[in-house]
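Report on the structure
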Amino acid sequence: DFTVPSRFSVFFARSMSVQLVCTQQSPGDIIELNEQPEKHYNFQLISAEACLRDHIAAASEGSSGSLSAGSILLIVFFVGVLLYFVVGFLFMSSVREAQGTDRIPNKELWTSLPFLIKDGALFVISPCRSSGSKSSDYQNI
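Computed from a predicted structure; not experimentally measured. Along each chain, the written sequence defines residue order, and numbers are assigned to residues from 1. Local features in a predicted model are, by the rule used here, given only for residues with pLDDT of at least 70; side-chain atom pairs are given and counted only at 80 or more, and totals for whole chains, interfaces and linings are based on all residues. Excluded from the side-chain calculation are hydrogens and water; included are all heavy atoms of the structure.

Here's the deal with the overall build of the protein
- Across its full length, the protein carries 3 helices and 4 strands.
- Each helix is a run of DSSP H or I of at least 4 residues and each strand a run of E of at least 2, with the numbering of both proceeding from the N terminus. Secondary structure elements in the protein, listed N-terminal to C-terminal, are β-β-β-β-α-α-α.
- Here the protein holds 141 residues, and the buried ones make up 13% of them.
- We call two residues in contact when some of their heavy atoms are within 4.5 Å. For the protein, the proportion of contacts with a sequence separation of at least 24, taken over those separated by at least 6, is 34%. Buried residues are those whose accessible area, probed at 1.4 Å on protein chains only, stays under 20% of the maximum for their type, while exposed residues exceed 50% and partly exposed ones sit between those limits.

Here it is, written out as structure tokens:
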């Protein structure tokens, strides 16, 4: 058997100790051992789930060590963004001979992007907002 003692307390009013006991024979039992000093409770959890070594071994067998598709896509995306800025910066500096912040590729896009995002968000949520009146800028037919 493998035991792991732990101690929890809530607002210092009560506390409890939980002893995890690793066993393969028991389906999972929680046993209240006793209340030693007042407001301190002792519990014992007997279960196969308390066997940390088995869970760690199962987790290491299940992972092949390779990256998932999402991880690969994120890496490709961030490498692409980095290349975009580095190559764009070098192009603007050497070919166009730009100086200062003009070396940022598509500077106008990047400076207006926050405002474009704000406009898009307002456009999406504007039908959800009701002003309470049914008046409109359009004339009724």
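Read on for the rest.
Regarding the pattern of salt bridges
- Whenever a carboxyl oxygen of Asp or Glu lies within 4 Å of a side-chain nitrogen of Lys or Arg, that contact is scored as a salt bridge. According to the stated counting rule, one finds 1 salt bridge in the structure shown.
- Lys107 serves as the salt-bridge partner of Asp102, at 3.5 Å between the closest nitrogen and oxygen.

Topic: the environment of Ser93
- Here Ser93 lies in helix α2 (residues 69–94).
- Separated by 10 residues in sequence, Ser93 and Arg103 have C-alpha atoms that sit 5.8 Å apart.
- Here Phe89 takes part through its backbone oxygen, which lies 2.8 Å from a polar atom of the side chain of Ser93. Pairing of N or O atoms within 3.5 Å defines a polar contact, subject to two protein rules: one partner must be a possible hydrogen donor and the other a possible acceptor, and residues neighboring in sequence count only if both atoms are side-chain atoms.

Topic: the confidence of the model for the protein
- When the pLDDT values of the protein are averaged, the result is 77; 64% of them are 70 or greater.
- Ranking the elements of the protein by mean pLDDT puts strand β1 (residues 2–10) last, at 50, and α2 first, at 94. As a per-residue measure, pLDDT tells how confident the predictor is, with possible values from 0 to 100.

Topic: a nonpolar patch on the surface
- Residues enter patches when their relative accessible area tops 30% and they take part in no salt bridge; the joining distance is 9 Å for like charges and 5 Å for the nonpolar side chains Val, Leu, Ile, Met, Phe, Trp and Tyr. The Shrake-Rupley method, run with a 1.4 Å probe, gives the accessible areas here. Residue values count only the displayed protein chains as cover. Side chains of Leu74, Phe77, Phe78, Val81, Tyr84, Phe85, Ile104, Leu109, Trp110 and Leu116 sit close together on the surface and give an oily, nonpolar patch of about 890 Å² of accessible area.
- Mapped by element, the contributors of at least two residues to the nonpolar patch are α2 and α3 (107–125).
- Ranked by residue count, the leading element in the nonpolar patch is α2, at 6 residues.
- Turning to its location among the elements, Val81 is positioned in helix α2.

Focus on the packing of aromatic side chains
- Ring pairs shown here join Phe, Tyr and Trp side chains whose ring centres sit within 6.5 Å, with only the six-membered ring taken for Trp; geometry is labelled stacked below 30 degrees between planes, edge-to-face above 60, and tilted in between. Within the structure shown, the criterion is met by 4 aromatic pairs.
- Taking the centre distance of 5.1 Å and the plane angle of 75° together, the rings of Phe77 and Phe78 count as edge-to-face.
- You can call Phe77 partly exposed: its relative accessible area is 49%.
- Given a relative accessible area of 53%, Phe78 falls into the exposed group.
- Pairwise contacts between aromatic rings join Tyr84, Phe85 and Trp110 into one cluster.

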